[in-house]
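# Reading the structure
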Amino acid sequence: MKGKLDSDKGRMKVRLLDWGCAMERCVWKQEEMKKLMKLREEQKNLIKENDSAAVGKILEEIERRYEGEMEKLQAELVGLLEKKAETDEMLKALTEDEREFVELRFEKGYGFDYIGLQLHMSRATVFRLQDRTLEKLMQMEKDETT
């Protein structure tokens, strides 16, 4: 994966892979948040059951860490959704075949042979479509930053 980050095309592929799995990763983050909330409820029950000052300090530290972890997860979730929305906007400028290629390859993870069958084109044409699509997206990304 590190080698892919050395080129603009590789970075764009990684961005598209991140885009393709963004919703799944959001679900994972939400599950982590649910687990934290459940642990927090258990912690609140412990506080009610124990009046000891030492236990209280430990539970306060747990509360502080909980808040920090929840903020971190929420920030990651927002970041994922913002990045996905940016990529969604870029994809709107692609042709129908280019968008379908991106969805099949980077969202669903299909191989070039299957994509060729779905798009009614040869495997070589799919590779050319990928190159054209990546070039177009890299140019859009470059235009955004300038």
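Thresholds applied
- Along each chain, the written sequence defines residue order, and numbers are assigned to residues from 1.
- Confidence filtering applies because this is a predicted model: local features only for residues at pLDDT of at least 70, side-chain atom pairs given and counted only at 80 or more, and all residues used for totals across whole chains, interfaces and linings.
- Working from all heavy atoms in the structure, the side-chain values ignore hydrogens and water.
- Helix and strand definitions follow DSSP, with helices as H or I runs of at least four residues and strands as E runs of at least two, each counted in order from the N terminus.
- As defined in this context, the radius of gyration uses C-alpha atoms, and a globule is described by 2.2 Å times the residue total to the power 0.38.
- Lines fitted to C-alpha atoms define the axes here, with helix axes fitted over just the stretch in contact, and angles between the N-to-C directions of these axes take values from 0 to 180 degrees.
- Reported orientations rely on four angle classes, namely roughly parallel under 35 degrees, roughly antiparallel over 145, roughly perpendicular from 65 to 115, and oblique for the rest.
- A contact between two residues is defined here by any heavy atoms of the two lying within 4.5 Å.
- Each residue is assigned to one of three groups, with Ala, Val, Leu, Ile, Met, Phe, Trp, Tyr, Cys and Pro labelled nonpolar, Asp, Glu, Lys and Arg labelled charged, and all others, Gly among them, labelled polar.
- Within this scheme, the nonpolar core is defined by two criteria: the residues are buried Ala, Val, Leu, Ile, Met, Phe, Trp, Tyr or Cys, and they are joined through side-chain atoms within 4.5 Å.
- To sort residues, take the accessible area from a 1.4 Å probe on protein chains only and compare it with the maximum for the residue type: under 20% means buried, over 50% means exposed, and anything in between is partly exposed.
- It is the rotation of the near helix from the far one that decides the hand of a crossing: anticlockwise by less than a right angle makes it left-handed, clockwise makes it right-handed.
- Expected helix span is taken as 1.5 Å per residue step, with the number of steps being one fewer than the number of residues.
- What pLDDT reports is the predictor's confidence in each residue, on a scale of 0 through 100.

### Here we look at the overall build of the protein
The number of helices and strands found in the protein is six helices and zero strands. In the protein, the succession of α and β elements from N to C terminus is α-α-α-α-α-α. Its C-alpha atoms give the protein a radius of gyration of 22 Å, clearly above 15 Å, the size a compact globule of 146 residues would have. For the protein, the C-alpha atoms occupy an extent of roughly 70 × 35 × 30 Å along the three principal directions.

### Some remarks on the packing of helix H4 (residues 96–107) against helix H6 (residues 123–145)
Across the interface, H4 lies against H6 with an axial gap of 10 Å and an inter-helix angle of 100°. If you check the angle between H4 and H6, you find them roughly perpendicular. Judged by residue contacts, Asp97, Glu98, Phe101, Val102, Arg105 and Phe106 of H4 engage Val126, Leu129, Gln130, Arg132, Thr133 and Lys136 from H6. When the residues that make up the contact of H4 with H6 are grouped by side-chain class, the tally is five nonpolar, two polar and five charged.

### What to know about the nonpolar core
Across soluble globular proteins, you tend to see nonpolar side chains buried next to one another. Grouped together as the largest cluster of nonpolar side chains are 19 residues, with contacts concentrated most on Met12, Leu16, Leu91, Phe101, Val102 and Leu137. Mapped onto this core, the elements with two or more residues apiece are helix H1 (8–20), helix H3 (53–92), H4, helix H5 (112–119) and H6. No other element matches H6, which puts six residues into this core. Once residues within four sequence positions are removed from consideration, Leu137 is found in contact with Met12, Leu16, Met90, Leu91 and Leu94. Grouped together as the second largest cluster of nonpolar side chains are eight residues, Met33, Met70, Leu73 and Leu77 included.

### Notes on the packing of H1 against H3
H3 packs onto H1 with a crossing angle of 110° between their chain directions and a minimal axis gap of 9 Å. Classified by the angle between their axes, H1 and H3 sit roughly perpendicular to one another. In the crossing of H1 with H3, the sense of the turn from one axis to the other is left-handed. Contact residues: H1 offers Met12, Arg15, Leu16 and Trp19, while H3 offers Lys83, Lys84, Glu86, Thr87, Asp88, Met90 and Leu91. For the contact of H1 with H3, the per-class residue count stands at five nonpolar, one polar and five charged.

### Some details on H1
The end-to-end C-alpha distance of H1 is 18 Å, a good match for the 18 Å that 13 residues give at a rise of 1.5 Å each. Those residues of H1 that sit buried are Gly10, Met12, Val14, Arg15, Leu16, Trp19 and Gly20.

### With respect to H4
With 12 residues, H4 should reach 16 Å at 1.5 Å per residue; the first-to-last C-alpha distance of 15 Å fits that figure. For H4, the full list of buried residues reads Glu98, Phe101, Val102, Leu104 and Phe106. Lining the buried residues of H4 we find H1, H3, H5 and H6. Taken from the residues just after H4, Gly109 is the one with a positive phi, measuring 80°.

### Considering the confidence of the model for the protein
Looking at the protein as a whole, its pLDDT mean stands at 87, while 95% of the residues score no less than 70. Taken element by element, the predicted model of the protein shows its lowest mean pLDDT in helix H2 (residues 22–49) (84) and its highest in H5 (95).

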